[in-house]
Each structure stands twice: as structure tokens, then as C-alpha cells.
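Results of the structural survey
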2 protein chains.
Amino acid sequence: MTKMHKENILSKNQQIIFNLINKSSEPLKAYTILFNVQKKGIKAPPQVYRALDKLVEIGKIHKIESKNAFVACKNSNCEISKATVFSICENCEIIDEVSDVKLSKYLSKFNDKNGMKFKRFNLEFFGLCKKCK
Amino acid sequence: MTKMHKENILSKNQQIIFNLINKSSEPLKAYTILFNVQKKGIKAPPQVYRALDKLVEIGKIHKIESKNAFVACKNSNCEISKATVFSICENCEIIDEVSDVKLSKYLSKFNDKNGMKFKRFNLEFFGLCKKCK
DNA sequence: CTCTAAAACGTTATATTATTACATACTGTT
DNA sequence: AACAGTATGTAATAATATAACGTTTTAGAG
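So, here is what we can say about the structure in this document. Since the model is a prediction, treat every value here as computed from it, not as a measurement.

**Let's talk about the overall build of chain A**
Looking only at helices and strands, chain A features 4 helices and 6 strands. Starting at the N terminus and ending at the C terminus, chain A contains elements arranged as α-β-α-α-β-β-β-β-α-β. Considered along the principal axes of its C-alpha atoms, chain A spans approximately 50 × 50 × 30 Å. Within chain A, the proportion of its 133 residues that are buried is 45%. Relative to all contacts within chain A whose residues are 6 or more apart in sequence, the contacts with residues 24 or more apart total 51%. When the accessible surface of chain A is summed, it comes to about 8100 Å², and 52% of that surface belongs to carbon and sulfur atoms. Of the charged side chains in chain A, 25 are positive and 13 negative; the average position of the first set lies 4 Å away from that of the second.

Laid out in C-alpha cells, this is it:
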């Protein structure tokens, strides 16, 4: 018998905000999201941040820390939400989630010299994308 | 003849702020820095942020993106300021710069499938440190 | 030395990002 | 129905960061 997964049905606000992020071609910032969902009744920052926190927690979206922006996870409902790798173009700011199993495994297995056991990591690569170089 | 290095003499504000960060046992946030250097005549946020930007640029300090905090570089005046790796304890928030040549080389050589050439990366590992686990 | 361009500085105001605090409502058990 | 846990709505405010000025200092070039 395979491991059961909780359905992770999204609440109303979570669904609205996830839909917006998911159909966006670029990472969205919290206040950009807020402006775009006000017509749907989400009027205040805490509503947005609470939904974002939850969506990050369950792996539906990721936060690009260096940009304070959020993207939908592209990796099959994100089994690897605890192991994120992004590529960021320093010119046009286009951001992609890097899916490299070898890299992810390598990093997931990494242990430092202080005997610290890592549960999670976030890696952000910067450079110039094809178009901008 | 060996390659010449610019001295990178710090300006007054840069030196004050670097000294503070360098002697701190933990990452410092911009406004914590501001409060701590007001007696030295640095009174406004832009003065702090400008110095921080410069110090990051020349590799004397690094920004921990997930914490909006700054630490002094521990790697011999930081030849590798474009390739940073940190370990962060999720409980006590202690942060260390990870110096693993193999890891750094592996990541520096990494190229993604979109033909993007990376110039820089930042990796943040999260877990529980020895004490907290 | 003097001129100049770049870097650094000082200051005010404001923009952007994120949280606290508290009251209310919904959801899924027992 | 009663309860616990999650989600919601709202107002206020905290924390982080930048814009836009004008001035001063620094480091080289001539």
C-alpha cells in the first residue's frame, strides 16, 4: 500500500491566491497579489500573507528570497518543496525553477562539518539568461 | 607577476559598519546596525544601506537573504563572495558560513539546461544545530 | 598644484514589505 | 450540540528599503 497523501484542499483565499500565482508568467510580490485580488474581496495584507504562508508550507508555491516574490511550484505538486533551486537572470529578472535530480540529491545528502543535519535548503543561481547574454 | 588586488580601503561609514558586523557573533539587520552606529554619527537608513551595498559588493560581508541580515565573510577576505553557502538553525537561528571547497566547486561549475551561465549563487541550508537537536 | 570625475556623505521624505492584535466565522470531529 | 482547529476580516503599526536632493571628499590626470 502506498503512502497516503492528504488532499490539501485549499481554502477560499488560498485558492484565489494560488490561481493568480499559478497563471502568472513571473514571480509575484505580496502587494502585487493584493492589488490583483481586491476585486475578489481580499482587502488587507494579512489575508494575503496568511495564504502565502500556508501555500509555501504545503509546497504549492515557493518564495524567491532574494526578490521577496512567489512562484507556483512546477515540480509535480512539489514533493521537493524542501529543496528548491532557482535560476535568476540579473538583467530581465526572469526566474525559473531548476529541476535537476542529481543536484537536488547531492544537496539533500550534504552534511556539514558541524554535525548539523539539514532538512531543507534554498539555492538561487544568478546570471544572464539566453536572451540577455 | 601575480595579479594585483585593489586595496579596498573602506570609507569611514563602511569601516564603522564593517567593524560592527565583524565583531558581532550573529547576523545583524540594517536597523539594528543603524541603532548601534548612531552615536558615531550615522543617523539615517540610506547611510547604512549604502555602506552595506558596497560591503556586499566587495565581498567583506554577505546578506542572508532569508533573514534580511548581514554577516562578515569568514573566508580569507572572501575570494568567493559570489558563491555563498550558509547553514541556518531553525530553532536558535545561529548561522554559519559553510566552507566546503568541493561543494562550492560543484555549484560553480553547474550549468542548467536552458543554457544559462551562472556567475553567482547563494545557498541556504536549514536544519537544527548540534545544540538544538 | 589644480582641475575634474567618481565616490561617499548627509538629510528628508516616502515606498515597500510584513506583522500584531483582536474579533468573528467556518469545518470537521466526538 | 460542543469543541478544537483552521480560516477570515479589519485596523493599526512595525520593519525593511529606496528616491531624490544637494554637498563634501577622494583619487587621479594634466
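What follows continues from the structure just given.
**Things to note about the pattern of salt bridges**
Opposite charge on two side chains permits them to pair, given that their charged atoms come into close proximity. Across all of its chains, the model carries 10 salt bridges over all chains by this definition. For D100 of chain B, the salt bridge identified is with K113 of chain A, shortest N-O distance 3.9 Å. Placement of D100 of chain B in the loop between β5 (95-97) and α4 (101-109) and of K113 of chain A in the loop between α4 (101-109) and β6 (117-128) is noted, with the two residues assigned to different chains. Take D100 of chain B: its relative accessible area is 16%, and that puts it in the buried class. For K113 of chain A, a relative accessible area of 67% corresponds to the exposed category. The shortest N-O distance in the salt bridge between E93 of chain B and K67 of chain B comes to 3.0 Å. Of this pair, E93 of chain B sits in the loop between β4 (83-89) and β5 while K67 of chain B sits in the loop between β2 (61-64) and β3 (69-72); the two residues are 26 residues apart in sequence, bridging distant segments of the chain. Looking at E93 of chain B, the relative accessible area reads 41%, which means it is partly exposed.

**What to know about the protein's contact with DNA strand C**
The full set close to DNA strand C counts 18 residues, and K29, Y31 and K63 of chain A together with Q47 and R50 of chain B are the nearest of them. Within the side chain of K63 of chain A, a nitrogen or oxygen atom sits 2.9 Å from a phosphate oxygen of DNA strand C. Within the backbone of K12 of chain B, one N or O atom sits 3.4 Å away from a phosphate oxygen of DNA strand C. Mapped by element, the contributors of at least two residues to the surface near DNA strand C are α3 (45-57) of chain A together with α1 (12-23) and α3 (45-57) of chain B. Counted by class, the surface near DNA strand C contains 6 nonpolar, 5 polar and 7 charged residues.

**Digging into helix α1 (residues 12-23) of chain A**
Residues and elements named next belong to chain A. Compared with an ideal rise of 1.5 Å per residue, which puts 12 residues at 16 Å, α1 spans 17 Å between its outermost C-alpha atoms and is within 8% of the ideal. Taken as a whole, α1 has its buried residues at Q14, I16, I17, F18, L20 and I21. On its buried face, α1 sits against β1 (28-29), α2 (30-37), α3, β2 (61-64) and β3 (69-72).

**What to know about the relation of the copies chain A and chain B**
Superposition of chain A onto chain B requires a rotation of 180° combined with a translation of 0.0 Å along the rotation axis, giving an RMSD of 0.1 Å. The symmetry that links the two subunits is that of a two-fold axis. No C-alpha of chain A lies nearer the rotation axis than that of L123 of chain A, which sits 2.1 Å from it. Comparing interface residues between copies, 100% of those in chain A also sit at the interface in chain B, which points to an isologous, same-surface contact.

**Concerning the sheet that holds β2 of chain B**
Working definition: the strands of a sheet are paired by backbone hydrogen bonds and lie parallel or antiparallel to each other. Residues and elements named next belong to chain B. The sheet built from 3 strands is open, its strands ordered β1-β3-β2 with antiparallel pairing. Of all strands in the sheet, those with a lone pairing partner are β1 (28-29) and β2, marking the two edges. Direction of pairing for β2 relative to β3: antiparallel, over a ladder of 4 bridges. In the strand pairing of β3, I64 is matched with A69. In the packing of α1 onto the sheet, the strands contacted are β1, β2 and β3, and the crossing angle to β3 comes to about 85°.

**A short note on helix α2 (residues 30-37) of chain B**
All of the buried residues in α2 of chain B are A30, I33, L34 and V37 of chain B. Burial along α2 of chain B is one-sided: seen end-on, the buried residues are contained in an arc of 100°.

**As for the protein's contact with DNA strand D**
Around DNA strand D, a shell composed of 18 residues is seen, among which Q47 and R50 of chain A together with K29, Y31 and P46 of chain B lie nearest. Here a phosphate oxygen of DNA strand D sits 2.6 Å away from a polar atom, N or O, in the side chain of K29 of chain B. N68 of chain B places a side-chain nitrogen or oxygen 3.3 Å from a phosphate oxygen of DNA strand D. Elements that contribute at least two residues to the surface near DNA strand D include exactly α1 and α3 of chain A together with α3 of chain B. Grouping the constituent residues of the surface near DNA strand D by class yields 6 nonpolar, 5 polar and 7 charged.

Rules behind the numbers
Residues numbered from 1 in each chain as written. Chains lettered and ligands numbered in written order. Predicted model: local features only at pLDDT ≥ 70, side-chain atom pairs only at ≥ 80, totals over all residues. Heavy atoms only, no water. Helix = DSSP H or I, 4+ residues; strand = E, 2+ residues; numbered from the N terminus. Buried < 20%, exposed > 50% of the residue type's maximum accessible area, 1.4 Å probe, protein only. Contact = heavy atoms within 4.5 Å. Areas by Shrake-Rupley, 256 points an atom, 1.4 Å probe, with all protein chains shown as cover. Lys, Arg positive; Asp, Glu negative; His and termini not counted. Charge placed at Lys NZ, Arg CZ, Asp CG, Glu CD. Salt bridge = Lys/Arg side-chain N within 4 Å of Asp/Glu carboxyl O. Near = heavy atom within 4 Å. Polar contact = N/O pair within 3.5 Å; in protein donor to acceptor, adjacent residues only side chain to side chain. Nonpolar A, V, L, I, M, F, W, Y, C, P; charged D, E, K, R; others polar. Expected span 1.5 Å × (residues − 1). Least-squares fit on C-alpha atoms with pLDDT ≥ 70 in both. Pairing = 2+ DSSP bridges. Axes fitted to C-alpha atoms, helices over the stretch in contact; angles between N-to-C directions. Arc of directions from axis to C-beta.

Coordinates in, geometry out; function isn't part of it.
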